[in-house]
Amino acid sequence: ETGVTQSPTHLIKTRGQQVTLRCSSQSGHNTVSWYQQALGQGPQFIFQYYREEENGRGNFPPRFSGLQFPNYSSELNVNALELDDSALYLCASSFGVAGTPGELFFGEGSRLTVL
Amino acid sequence: AQRVTQPEKLLSVFKGAPVELKCNYSYSGSPELFWYVQYSRQRLQLLLRHISRESIKGFTADLNKGETSFHLKKPFAQEEDSAMYYCALYYGGSQGNLIFGKGTKLSVKP
């Protein structure tokens, strides 16, 4: 069984740039959620994708967007980067409607630094 | 508004001592609560959920609706329990709708 994988593991950007983070879901999972974890904080829900559509969103501005592909992998895109976007971005997959709400399987994260 | 509070940033105990990691929540609906754990250099993983009333690695957690709490307990701490613990509230809608607390770092000393 292949777990959730994320890439890149680390990256540095400057203010105003755009970034794309990638996630491959765990084998058999069709739902992907993205979280932002700032230093010293718990993960904060950004959005979730199911069947290639966003089906839930937290309190994040539209410059945070995503995609899900037919193989259930996903991308998180952030435009017009701000210093406060510096954080660990976590991807989590789950079984979708067949699974237990709240039971998520996390990747190791992509650490974004915005200078 | 929904909220999860973990009042302790750091909890330090000796091996064999009892452990209680506190979690309080604020939610007007019927709560579904979870404990997630992150061991050193490992990914965040589910430890237990209140609905299954299970004991995992000796840990238990009871939902107390009157006190709006979901404290995590273990009678005898082990060094391998040292980790970051997050309490999380599922508040409905999509599966990923979890609100996490800020976490408590548990350090078990030999």
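Residues numbered from 1 in each chain as written. Chains lettered and ligands numbered in written order. Predicted model: local features only at pLDDT ≥ 70, side-chain atom pairs only at ≥ 80, totals over all residues. Heavy atoms only, no water.

Topic: the pairing of strand β11 (residues 110–114) of chain A
Residue and element names in this part refer to chain A.
Alright, step 1. Burial of β11 is one-sided: the residues Ser 110, Leu 112 and Val 114 facing one way are buried, the residues Arg 111 and Thr 113 facing the other way are not.
Alright, step 2. Two elements, strand β2 (residues 10–13) and β11, share four bridges in a ladder whose sense is parallel. Each residue of the ladder has a partner; that of Leu 11, found in β11, is Leu 112.
Alright, step 3. Alignment of strand β9 (residues 87–94) against β11, held across three bridges, turns out to be antiparallel. Paired with Leu 88 across the bridge in β11 is Arg 111. (Buried < 20%, exposed > 50% of the residue type's maximum accessible area, 1.4 Å probe, protein only. Helix = DSSP H or I, 4+ residues; strand = E, 2+ residues; numbered from the N terminus. Pairing = 2+ DSSP bridges.)

Here we look at the environment of Glu 54 of chain A
Residue and element names in this part refer to chain A.
Alright, step 1. On the secondary structure map, Glu 54 appears in strand β6 (residues 53–57).
Alright, step 2. Taking C-alpha positions, Glu 54 is 12 Å from Glu 75, a pair spaced 21 residues apart along the chain.
Alright, step 3. For Glu 54, the residues in contact, after removing those within four places along its chain, are Phe 47, Gln 48 and Tyr 49.
Alright, step 4. In this structure the side chain of Glu 54 is engaged in a polar contact, spanning 3.0 Å, whose partner is the side chain of Arg 57. (Contact = heavy atoms within 4.5 Å. Polar contact = N/O pair within 3.5 Å; in protein donor to acceptor, adjacent residues only side chain to side chain.)

Considerations on the environment of Ala 80 of chain A
Alright, step 1. By the element assignment, Ala 80 of chain A lies in the loop between β8 (74–78) and β9.
Alright, step 2. If we ignore the near neighbours within four places in the chain, the residues touching Ala 80 of chain A are Gly 16, Gln 17, Arg 63 and Asp 85 of chain A.

Comments concerning the state of the cysteines
Residue and element names in this part refer to chain A.
Alright, step 1. Throughout the structure, instances matching the rule amount to two disulfides over all chains.
Alright, step 2. At a sulfur-sulfur separation of 1.8 Å, the disulfide partner of Cys 23 is Cys 91. Looking along the S-S bond of the Cys 23-Cys 91 disulfide, the torsion reads about -65°, which is the left-handed sense. A residue pair is termed long-range when its members are at least 10 positions apart, and Cys 23 in strand β3 (residues 19–24) and Cys 91 in strand β9 qualify at 68 residues.
Alright, step 3. By relative accessible area, which is 0% here, Cys 91 ends up buried. (Disulfide = S-S within 2.5 Å.)

Remarks on the nonpolar core
The tendency in soluble globular proteins is for nonpolar side chains to be buried side by side.
All names here are of chain B.
Alright, step 1. Residues Trp 35, Leu 72 and Tyr 85 are the most contacted members of the largest nonpolar core, which totals 25 residues.
Alright, step 2. Residue assignment for this core shows that the elements contributing at least two residues are β2 (10–14), β3 (19–21), β5 (32–38), β6 (45–49), β8 (69–74), β9 (83–90) and β11 (104–109).
Alright, step 3. In terms of residues, this core owes the most to one element, β9, which gives four residues.
Alright, step 4. Residues in contact with Leu 72, not counting those within four places in the same chain, are Val 19, Glu 20, Leu 21, Trp 35, Leu 47, Leu 48, Phe 59, Thr 60, Ala 61 and Tyr 85. (Core = buried A, V, L, I, M, F, W, Y, C linked by side-chain atoms within 4.5 Å.)

Digging into the interface of chain A and chain B
Alright, step 1. Every contact between the two is made by 26 residues of chain A and, on the other side, 18 residues of chain B.
Alright, step 2. When the buried surface of chain A facing chain B is broken down by residue, Pro 101, Gly 102 and Phe 106 of chain A rank first, second and third, together holding 28% of it.
Alright, step 3. The tally of links from chain A across to chain B stands at two salt bridges.
Alright, step 4. Residues Arg 43 of chain B and Glu 108 of chain A are paired through a salt bridge, measuring 3.9 Å at the closest nitrogen-oxygen approach.
Alright, step 5. For the side of chain A that touches chain B, the secondary structure elements donating two or more residues are β4 (31–37), β5 (44–50) and β6 of chain A.
Alright, step 6. Of the residues forming the side of chain A that touches chain B, the biggest block, four residues, is contributed by β4 of chain A. (Buried area = accessible area lost by both parts, 1.4 Å probe. Salt bridge = Lys/Arg side-chain N within 4 Å of Asp/Glu carboxyl O.)

Looking at the side chain of Gln 68 of chain A
All names here are of chain A.
Alright, step 1. Its place among the elements puts Gln 68 in strand β7 (residues 64–68).
Alright, step 2. From its side chain, Gln 68 meets the backbone nitrogen of Tyr 50 in a polar contact 3.4 Å long.
Alright, step 3. Sequence-distant contacts of Gln 68, defined by excluding residues within four places in its chain, comprise Asn 30, Thr 31, Val 32, Tyr 49, Tyr 50, Arg 51, Glu 52, Glu 53, Ser 73 and Ser 74.

Observations regarding the pattern of salt bridges
Alright, step 1. For the structure on display, the rule yields nine salt bridges over all chains.
Alright, step 2. Here Lys 74 of chain B makes a salt bridge to Asp 81 of chain B, at a shortest N to O gap of 2.8 Å. No difference in accessibility class separates Lys 74 of chain B from Asp 81 of chain B, as the two residues are buried.
Alright, step 3. Here the salt bridges share partners, and the residues they tie into one network are Arg 63, Glu 82 and Asp 85 of chain A.

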